[in-house]
Amino acid sequence: MIDQELDCRGLFDSHAHYFDKKFEAEGGADVFLRDEVFGKGVAAVVNVATNPENAKLCLTQAKKYPAMYVALGIHPEDAQHLTVSVDEALAELCALMDTREKRKEGKIVALGEIGLDYYWQPYDKELQAELFEKQLSLAEEWDLPVLIHDREAHGDSFETVLRHPNVRGVFHSFSGSAEMAKELVRRGWYVSFSGVLTFKNARKVREVAAVVPNDRILIETDAPYLSPEPFRGKINHSGRMAQTASALAEILGLSYAETVALTAENAKRLFDLT
Ligand SMILES: [Zn+2]
């Protein structure tokens, strides 16, 4: 059903991790970025950090590619492995992005990935909550959109963002209910879908995508993870997002080209790249 050779031109990957060690075993992220991503016409990629250390790697990578943007933040899973206090970790993050000049220079378009993860055991709810709240406050101060990670923590994630009504952004690789998606959209949020849309057992995610208004949908890879069918289990990269766009086109009743254009426009609006 899904064509393996779709046109990658114009795709906007709103969430990928090109610093991830998984790329090293396959020749390095640069090989993919050069040959399979920008070489095939992918329009833009947001390279998303998960801690202050890989934040620096993200910034370095983005310098090499004009169409690579950056999001910096401390991920809830990384929060569990901090070797410094929360405030010290946040100070490291601030040092990279706390002025307009630094954000412009680094092409930093969002704060993320931040949020809550109650999937990986054991987890420290209080630590995750503290980091999440403090980073949402920083996003408000800096007027930056946020990239939210919400895994098995829908209720708490939703309540937390409601406490920050001036903050907007996107729930990435969304796994919540249609009801939650509608409530988020009503409050100005975007909802992003990954390769999961193409999985046979992901009927619920496809149903959610169908209720999100067209102007609030983003697509992403979450590379190197979540490869779409027919590449499931293999390393993911932004060139493979075409399959996700194709699955979304079917759900929305639009053409492939319309879906690529629509999701790219939405990303540009959210990240203020228009
Ligand atoms: Zn991610």
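Residues numbered from 1 in each chain as written. Predicted model: local features only at pLDDT ≥ 70, side-chain atom pairs only at ≥ 80, totals over all residues. Heavy atoms only, no water.

**Description of the packing of aromatic side chains**
Right, on to step 1. For the coordinates displayed, the defined rule picks out eight aromatic pairs.
Right, on to step 2. A ring pair is formed by Phe 171 and Trp 189, whose centres lie 5.5 Å apart and whose planes are at 75 degrees; its orientation type is edge-to-face. Linking Phe 171 in strand β6 (residues 169-171) with Trp 189 in the loop between α8 (178-186) and β7 (190-193), this pair joins segments that are 18 residues apart in sequence. The same class applies to Phe 171 and to Trp 189, which are both buried.
Right, on to step 3. Members of the aromatic cluster, each reached through a chain of ring pairs, are Tyr 18, Phe 23 and Phe 32.
Right, on to step 4. It is Arg 240 that lies over the ring of Phe 231; its NZ or CZ is 4.2 Å from the centre. (Phe/Tyr/Trp six-rings, centres within 6.5 Å; stacked < 30°, edge-to-face > 60°. Helix = DSSP H or I, 4+ residues; strand = E, 2+ residues; numbered from the N terminus. Buried < 20%, exposed > 50% of the residue type's maximum accessible area, 1.4 Å probe, protein only. Lys NZ or Arg CZ within 6 Å of the ring centre and 35° of its normal.)

**Quick look at the coordination of the zinc ion**
Right, on to step 1. Surrounding the zinc ion are the protein donor atoms His 15 (NE2), His 17 (NE2), Glu 113 (OE) and Asp 222 (OD), which sit 2.1 to 2.3 Å from the metal.
Right, on to step 2. Taken together, the four donor atoms coordinating the zinc ion and their angles of 78 to 171 degrees define a geometry best described as irregular.
Right, on to step 3. Look at where the donors of the zinc ion fall in the sequence and you get H-x1-H-x95-E-x108-D. Comparing His 15 with His 17, the two get one shared label, buried. (Donors = N, O, S within 2.8 Å, 3.2 Å for Na, K, Ca; no water. Tetrahedral: all angles 85-135°; square planar, octahedral: opposite > 155°, others 65-115°.)

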